[in-house]
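So the chains spell out like this:
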Amino acid sequence: MKQFVVKSTALLLAAGFAASAYSAESLQDVMKRRNLSQQDLLAASKTYVPTGKRDEFVAFSSGGQSGQIIVYGIPSMRILKYIAVFTPEPWQGYGFDENSKAVLRQGNIDGKEINWGDTHHPAISETQGKYDGQFLFINDKANPRLAVIDLRDFETKQIVVNPIFKSEHGGAFVTPNTEYIIEAAQYASPLENKKFYPLEEFNEKYRGGVTYWKFDRKEGRIDPKASFSLELPPYSQDLSDAGKGPSDGWSFTNSFCSERYVGGIEKGRPPYEAGCSAKDTDYLHVINWKKAAELVAQGKAKKINGHNVLMMETAIKEGILFLVPEPKSPHGVDVTPDGKFLTVAGKLDTHVSVYSFEKIQAAIKAGKFESKDAYGIPVIGMKDALHTQVQLGLGPLHTQYDSKPCIAYTSLYVDSQVVKWNHCEGKVLDKISVHYNIGHLMTMEGDSADPKGHYLVALNKLAIDRFVPVGPLHPQNHQLIDISNDKMQLLYDMPVPLGEPHYVVAIEAAKLKPGVRYKVGTDSRTDKPHPGATKAGEEETVKKGNKITVYGTLIRSHITPETIEAEVGDEITIHLTNLERAQDETHGFTVSTFNVHASAEPGKTVTVKFKADKEGVYPYYCTEFCSALHLEMQGYLLVKPKGWKPGKVVAAKAVYTETDYKATVKKVVDTQVVIDSVVGYITSVNFKDFPDVVNMVDDATDQLNKIKDAKAKHEAAAAKKDWDQANLWAEQVWQYQVKAADIGLRAKTYLEQNGAKKVK
Ligand code: K7E
Ligand code: CUA
């Protein structure tokens, strides 16, 4: 074959058809045909990840209005997963099986189901200020909620509702050891639930605040009882960040509209945007959260809606709350990796302001304040807190840091640019255009104490002309930029079609250690043994009154049970355990027209529940193409009318003959030869050194172990000349063989490709 190719190419060359579409193209040919420059090729070679190779970093992007999280690899920008968080997601069964529904419903507010979220800021758990790859958090701005995702299985485990806010934006941001997850309110409102006050009482009755959600790392859950909030003025608290290193124990929260303007175009008043940017400055809130937590522990908080709230008055008296003026309408506040400085970007100012934590502390210690705000909070003079201000361009929003000391990157929304600058010396170093109107930007682990450099992603709000048009609603555009050299280089445009991501975090892929299977019988949403877990051979259907409970299992290629019989009006609960141990052998489950769906990954137990409120015949089946006999992974739910009795049953005629049976037995013998040769190969090499192969071998052995029982059955039936039973049980033996062979061949290929060595 190879020879043939070489020969035919030589012939073509000889005939002068070097550039023929039928010969292999050279790099030059492709560049010419696709109109690519050297620069394009360089960019492509920096992002291309060949098949079988993996990305260096994994990004967790907010999914914006989709209420989900988008996971993608860097530098390839290949999407790896959507994590269902605040929105039902059918593939993962999220919101369609009982176990995930229990999580989604934790997000109900005032008894109402809320099935969407406006996710803004994901945060990865940290240990000593560094990403540890264990947990992920994300906020919902629209309905003030926070979700916890476990990175062992990339599943949402918990949703907590903020007890005192009506919206929240400045979260999620974690403290350096993930003691707390910070969440700041956005639009001020009365803190008491369902309480009305007119806008005329805005200054007195409306409040902002910051919530510190206590994270219990051992449980992998937020502990709402140990969480608390700090009452703040109605200043539209915005983004936040936690101090680290020297500033550990403190947190910082921006605000806009500290004018406390309440709009009212309909009453002839100037609109919000005019009233909210009238003053030259807004306030940065500087909060000693460690001390605040101590005060709460001492019982100095007030209970509002059953939640601990440290009131402003107490915070002022105890000296844990300060304000620093910041140029008007600021947006991001980003603490430097060393924890010494914080960069504040003012949307309506061309500068970024770099504040010095040391100077802020000196002013606090000396009691040097320029004034008090309307609520009595001490205000530190801007000049007493500033390290430097740097003119960057129009519409600075967010800042991230490089692995190189003092190097920062700031997004310029209005200019549609990323600017690289030195925050120690206050110097602009480079600028690059992005397409278009960038919001956040993100460098690898760039908001941690240990940024990794290499790449930057620009999260552009508008894509305009970058992609093939798909109607008036355009995708977002995430652009990958190489920051490893002095000059930034734009590498790749990635359309994001699932909502408007606001922020993304990226972690070194090597730090993530997700599992590939659950311990058999696990409820993945509670991480505990599922009460409906069922072992092979112990499947049963229990009927009590009008309640039917099915304890079923899933394994290639059958669902046990294969029929469920019910009467109209029965309440049906189906627990299903996926008995597989093989990697990636997920089964899905649905019942026609009952709006249920579950995804059962290896080892997982899931439950679907519904009322059989209509007579009929409803197929159920596996929804994942899991094996060659996937389509046969099926069954029937039979819903009979009340009091239905079977009529006269006609005995079925025999279908198979002795000849059929013998042919099947021969097929089994032939297949065994193939299996023996595969087993022979696997055991001739050091397969035990490959954990993935060991699992596959276990799985194949499972299938083979089932043969004994089926073989005894077909032999017993043959002895009785029941050729139907004999042939079908022999077929079943073959099914087990096929599945074992399938896994065995996969193992063999894996060993061959991964350099397995012969053993004696
Ligand atoms: Cu700038 Cu919600 Cu962080 Cu949007 S936020 S961009
Ligand atoms: Cu299991 Cu398809």
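The structure presented is a predicted model; accordingly, all values stated were derived computationally and were not measured.

Structural notes on the sheet that holds strand 33 (residues 504-508)
- The strand order 3-2-1-33 describes an open sheet built from 4 strands, whose pairing is antiparallel. In this open sheet, the two edge strands, each paired with only one partner strand, are strand 3 (79-84) and strand 33. Strand-to-strand twist of the sheet, defined as the mean angle between neighbouring strand axes without regard to direction, takes the value 20°.

A few points about the pattern of salt bridges
- Applying the stated criterion across every chain yields a total of 43 salt bridges.
- It is possible to trace a salt-bridge network through shared partners that takes in Asp150, Arg152, Asp153, Lys157, Arg221 and Asp527.

Considerations on the site of ligand 1
- Close contacts around ligand 1 come from His120, His121, His169, Leu239, His331, His398, Gly439, His440, Lys461 and His502, and that covers them all.
- Elements with a minimum of two residues in the shell around ligand 1: strand 4 (119-127) and strand 29 (438-444).
- In terms of residue class, the shell around ligand 1 is made up of 1 nonpolar, 8 polar and 1 charged.

Overview of the layout of surface pockets
- Size it by volume and the largest pocket reaches roughly 1,800 Å³.
- At the level of elements, strand 3, strand 7 (155-161), helix 12 (691-705) and helix 14 (723-753) are the ones that each hand at least two residues to the lining of the largest pocket.
- With 3 residues, the single largest contributor to the lining of the largest pocket is helix 12.
- Of the residues belonging to the lining of the largest pocket, the class tally is 13 nonpolar, 8 polar and 19 charged.
- Here the lining of the largest pocket gathers at least three residues from each of two domains, domain 2 (522-640) and domain 3 (658-753).

Focus: empty space enclosed by the protein
- In the structure shown here, the tally under the stated rule is 2 cavities of 30 Å³ or more.
- If you add up the space inside the largest cavity, you get close to 250 Å³.
- Forming the boundary of the largest cavity are 27 residues, of which Phe173, Ser240, Asp241, Asp447 and Tyr503 lie nearest the centre.
- When contributions to the lining of the largest cavity are tallied by element, the ones reaching two or more residues are strand 4, strand 8 (173-174), strand 13 (237-242), strand 19 (330-335), strand 25 (396-401) and strand 29.
- Residues belonging to the lining of the largest cavity are distributed by class as follows: 14 nonpolar, 8 polar and 5 charged.
- Looking at the lining of the second largest cavity, the elements with two or more residues in it are helix 4 (98-104) and strand 43 (605-612).
- When the residues that make up the lining of the second largest cavity are grouped by side-chain class, the tally is 1 nonpolar, 4 polar and 4 charged.

A word on the packing of aromatic side chains
- Scanning the model with the defined rule gives 21 aromatic pairs in all.
- Members of the aromatic cluster, joined through ring pairs, are Trp250, Phe252, Phe322, Phe357 and Phe369.
- Seen from the ring of Tyr180, Lys214 lies directly overhead, with NZ or CZ sitting 4.9 Å from the centre.

Let's talk about the state of the cysteines
- Scanning all chains against the criterion turns up 2 disulfides.
- A sulfur-sulfur distance of 2.0 Å marks the disulfide that ties Cys257 to Cys276. The disulfide joining Cys257 to Cys276 has a torsion of about -65° about its S-S bond and is therefore left-handed. Of this pair, Cys257 sits in the loop between strand 14 (250-255) and helix 6 (272-275) while Cys276 sits in the loop between helix 6 and strand 15 (281-288), and the two are 19 residues apart along the sequence.
- Judged by relative accessible area, which is 4%, Cys257 ranks as buried.

Structural notes on the domain arrangement of the chain
- Entries for the chain in the domain assignment read domain 1 (162-263 + 272-343 + 355-391), domain 2 (522-640) and domain 3 (658-753).
- Taking the mean C-alpha position of each, domain 2 and domain 3 sit 26 Å from one another.
- In this assembly, 10 residues from domain 2 lie in contact with 12 residues from domain 3.
- A combined buried area of about 970 Å² lies between domain 2 and domain 3, and 36% of that area is made up of carbon and sulfur atoms.

Re helix 13 (residues 707-719)
- For helix 13, with 13 residues, the first-to-last C-alpha span of 18 Å sits near the 18 Å given by 1.5 Å per residue.
- Residues of helix 13 that are buried: Ile707, Ala710, His714, Ala717 and Ala718. Angular distribution of buried residues about the axis of helix 13 spans 100°; they occupy a single face of the element. Along helix 13, exposed side chains directed more than 90 degrees from the buried face belong to Lys708 and Ala719.
- Where helix 13 is buried, its residues meet helix 11 (658-684), helix 12 and helix 14.
- Positive backbone phi, approximately 60°, marks Lys721, located one or two places after helix 13.

Observations regarding the sheet that holds strand 6 (residues 145-150)
- Taken in spatial order, the 4 strands of this open sheet run 4-5-6-7, and their pairing is antiparallel. Both outer strands of the open sheet, strand 4 and strand 7, are each paired with one neighbouring strand and no more. Sheet twist, expressed as the average angle between the axes of neighbouring strands with direction ignored, equals 25°.
- In this sheet, strand 7 lies alongside strand 6 in antiparallel orientation, the contact comprising 6 bridges. Looking across to strand 7, one finds that Asp150 is bridged to Glu155.

Section: the environment of Asp110
- Tracing the backbone through its elements, the reader meets Asp110 in the loop between helix 4 and strand 4.
- Judged by relative accessible area, which is 51%, Asp110 ranks as exposed.
- Distance from Asp110 to Lys194, taken between C-alpha atoms, is 9.0 Å for residues 84 residues apart in sequence.

Points about the confidence of the model for the chain
- Looking at the chain as a whole, its pLDDT mean stands at 94, while 97% of the residues score no less than 70.
- A low-confidence stretch, residues 1-19 stays under pLDDT 50, and its non-local contacts, those more than four residues away or across chains, total 6 contacts.

About the cut-offs
Residues numbered from 1 in each chain as written. Chains lettered and ligands numbered in written order. Predicted model: local features only at pLDDT ≥ 70, side-chain atom pairs only at ≥ 80, totals over all residues. Heavy atoms only, no water. Pairing = 2+ DSSP bridges. Helix = DSSP H or I, 4+ residues; strand = E, 2+ residues; numbered from the N terminus. Axes fitted to C-alpha atoms, helices over the stretch in contact; angles between N-to-C directions. Salt bridge = Lys/Arg side-chain N within 4 Å of Asp/Glu carboxyl O. Near = heavy atom within 4 Å. Nonpolar A, V, L, I, M, F, W, Y, C, P; charged D, E, K, R; others polar. 1 Å grid on protein atoms, 1.4 Å probe; cavity = no way out; pocket = protein on both sides within 12 Å on 5 of 7 lines; lining within 4 Å. Points joined across faces, edges and corners; volume = space filled by probe spheres on them. Domains from an automatic or database assignment. Phe/Tyr/Trp six-rings, centres within 6.5 Å; stacked < 30°, edge-to-face > 60°. Lys NZ or Arg CZ within 6 Å of the ring centre and 35° of its normal. Disulfide = S-S within 2.5 Å. Buried < 20%, exposed > 50% of the residue type's maximum accessible area, 1.4 Å probe, protein only. Contact = heavy atoms within 4.5 Å. Buried area = accessible area lost by both parts, 1.4 Å probe. Expected span 1.5 Å × (residues − 1). Arc of directions from axis to C-beta. pLDDT = per-residue confidence, 0-100.

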